[in-house]
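Geometric and topological summary
Now for the letters of each chain:
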Amino acid sequence: MFSYRHAFHAGNHADVLKHMALIATLRYLTTAKDTPLLVADTHAGTGLYRLDGGDAQTSGEALEGVLPLWQQYGPGAPDEAKAPEALAAYLRLLAGFNAGGTLRRYPGSPFITAALMRPQDQLRLFELHPTDSRLLDKNVAELPNAGQIQVVRNNGFTGLKALLPPPSRRGVVLIDPSYELKTDYAQVMSCMQDAMQRFVTGCYMVWYPVIPRPEAHELPRRLRTLAQQADRPWLHATLSIGRGDQDVSGRDGLRASGVFMINPPFVLKAELEQALPVVHRMLRRGGGAAWTVDTSK
């Protein structure tokens, strides 16, 4: 169960979708009210990745993800001024981790959140992988606001319970396991059902891979039902880059992913509808490439 390492996938198209949505959400919630915000990340990874390192270069997934967008819309790029706001904010945040205009370091969700936190906010990071949890602890210790961040070597599905509801009654929960095990899908639903009972007004973001597995197709439907039963707004966004050149194994990697949010910021729908067509145009590689944004309203 510890074979998955996000370092091989950092900056891929799934990260682009997930992190654009996360940044847009945090930018809104940290400006809407002064009340402290608790952010919980159930599967944090190491927090920071090298795109010029062996792991990322072995997979090359950033070449079909963030790198084309950076080259076309990043700082000093030909179309920097034309980038939709969600894409522009995403690339600006990445620029803060990469001096000199070359994209070498890619922040995962823990470092993205840390960059957007205010002094009154708190971040709780769960990571069970023994190597990744040690690297996460080391990386977080170097952040200027490390005192606001706690790294917990625990299963985020179960560890989340102790955090909800936060004292401020304002919180964001990111749930993005590897789905390496089929049981991850059921654990996501169990975690979400418990979380909604404890903290129905929280902002929840669930990332999942769009793959030919029944559990993957059923997950967003079950999350939509959960939101509807609680009478809470929801948003569901997907991005597919389509079919690519297959290797000798007959595989061409992850083609699509989705994010399902309960209680999303009201501005997120419009921001994603402006950004995803641009991202889709830059990253599409064959048949099946598409994007969607559906909401409860």
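Residues numbered from 1 in each chain as written. Predicted model: local features only at pLDDT ≥ 70, side-chain atom pairs only at ≥ 80, totals over all residues. Heavy atoms only, no water.

Topic: helix α4 (residues 85-95)
Taken across its eleven residues, α4 has eight buried, putting it largely inside the fold. Among the residues making up α4, those that are buried are Ala86, Leu87, Ala88, Ala89, Tyr90, Leu91, Leu93 and Leu94. On its buried face, α4 sits against α1 (13-32), α3 (66-73), β3 (105-107), α5 (109-116) and α10 (268-283). (Buried < 20%, exposed > 50% of the residue type's maximum accessible area, 1.4 Å probe, protein only. Helix = DSSP H or I, 4+ residues; strand = E, 2+ residues; numbered from the N terminus. Contact = heavy atoms within 4.5 Å.)

Thoughts on empty space enclosed by the protein
This structure, assessed with the given rule, holds one cavity of 30 Å³ or more. Of the voids in this model, the largest cavity is the one considered here, and its volume is about 40 Å³. Lining the largest cavity, in full, are Phe157, Leu160, Lys161, Leu164, Cys191, Asp194 and Ala195. Top contributing element to the lining of the largest cavity by residue count: helix α8 (residues 183-198), with three residues. Of the residues belonging to the lining of the largest cavity, the class tally is five nonpolar, no polar and two charged. (1 Å grid on protein atoms, 1.4 Å probe; cavity = no way out; pocket = protein on both sides within 12 Å on 5 of 7 lines; lining within 4 Å. Points joined across faces, edges and corners; volume = space filled by probe spheres on them. Nonpolar A, V, L, I, M, F, W, Y, C, P; charged D, E, K, R; others polar.)

What about unusual backbone geometry?
A cis amide bond links Leu164 to the next residue, Pro165, at an omega of -5 degrees. Positioned with a positive phi, Tyr179 is a non-glycine residue whose angle comes to about 60 degrees. At Asp231, a position not held by glycine, the phi torsion is positive, near 60 degrees. With respect to the helices, strands and loops of the structure, Asp231 is situated in the loop between α9 (214-229) and β8 (234-240). Assessed through its relative accessible area of 67%, Asp231 is described here as exposed.

Concerning the packing of aromatic side chains
Applying the stated criterion to the full structure yields five aromatic pairs. With centroids separated by 5.5 Å and ring planes inclined at 90 degrees, the aromatic side chains of Tyr28 and Phe266 adopt a geometry described as edge-to-face. On the criterion of sequence distance, the pair formed by Tyr28 in helix α1 and Phe266 in the loop between β9 (256-262) and α10 is long-range, its members being 238 residues apart. Judged by its relative accessible area of 26%, Tyr28 falls in the partly exposed class. Overall, the relative accessible area of 66% leaves Phe266 in the exposed class. Ring centres 6.1 Å apart and planes at 45 degrees place the aromatic pair Phe97 and Phe111 in the tilted group. On the criterion of sequence distance, the pair formed by Phe97 in the loop between α4 and β3 and Phe111 in helix α5 is long-range, its members being 14 residues apart. Across the ring face of Trp207, the terminal group of Lys18 is positioned such that the distance to the ring centre comes to 5.5 Å. (Phe/Tyr/Trp six-rings, centres within 6.5 Å; stacked < 30°, edge-to-face > 60°. Lys NZ or Arg CZ within 6 Å of the ring centre and 35° of its normal.)

Here's the deal with the sheet that holds β9
Spatial ordering of the open sheet is given by β5-β4-β1-β6-β7-β9-β8-β10, a layout of eight strands whose pairing is mixed. Sheet topology places β5 (149-152) and β10 (290-295) at the edges, where each strand pairs with a single neighbour. The mean angle between the axes of side-by-side strands here comes to 10 degrees, regardless of whether they run parallel or antiparallel. Note that strand β1 (residues 38-41) and strand β6 (residues 171-175) share four bridges and pair parallel. Paired with Asp41 across the strands is Leu174, a residue of β6. Across the sheet, α5 touches β1, β4 (122-126), β5 and β6, and the angle it forms with β4 is around 175 degrees. Its contacts with the sheet put helix α6 (residues 130-141) on β4 and β5, and the angle it makes with β5 is roughly 165 degrees. (Pairing = 2+ DSSP bridges. Axes fitted to C-alpha atoms, helices over the stretch in contact; angles between N-to-C directions.)

Quick word on the environment of Ala7
Within the element layout of this structure, Ala7 appears in the segment before α1. You can call Ala7 buried: its relative accessible area is 16%.

Points about the packing of α1 against α5
Two numbers describe how α1 lies on α5: the axes approach to 10 Å, and their chain directions differ by 25 degrees. When the interaxial angle is binned, α1 and α5 end up roughly parallel. In the crossing of α1 with α5, the sense of the turn from one axis to the other is right-handed. Across the interface between the two elements, His19, Leu22, Ile23, Leu26, Arg27 and Thr30 of α1 pack against Ser109, Ile112, Thr113 and Leu116 of α5. Residue classes in the contact of α1 with α5 are distributed as five nonpolar, four polar and one charged. (Parallel < 35°, antiparallel > 145°, perpendicular 65-115°, else oblique. Left-handed = near helix turned anticlockwise from the far one by under 90°.)

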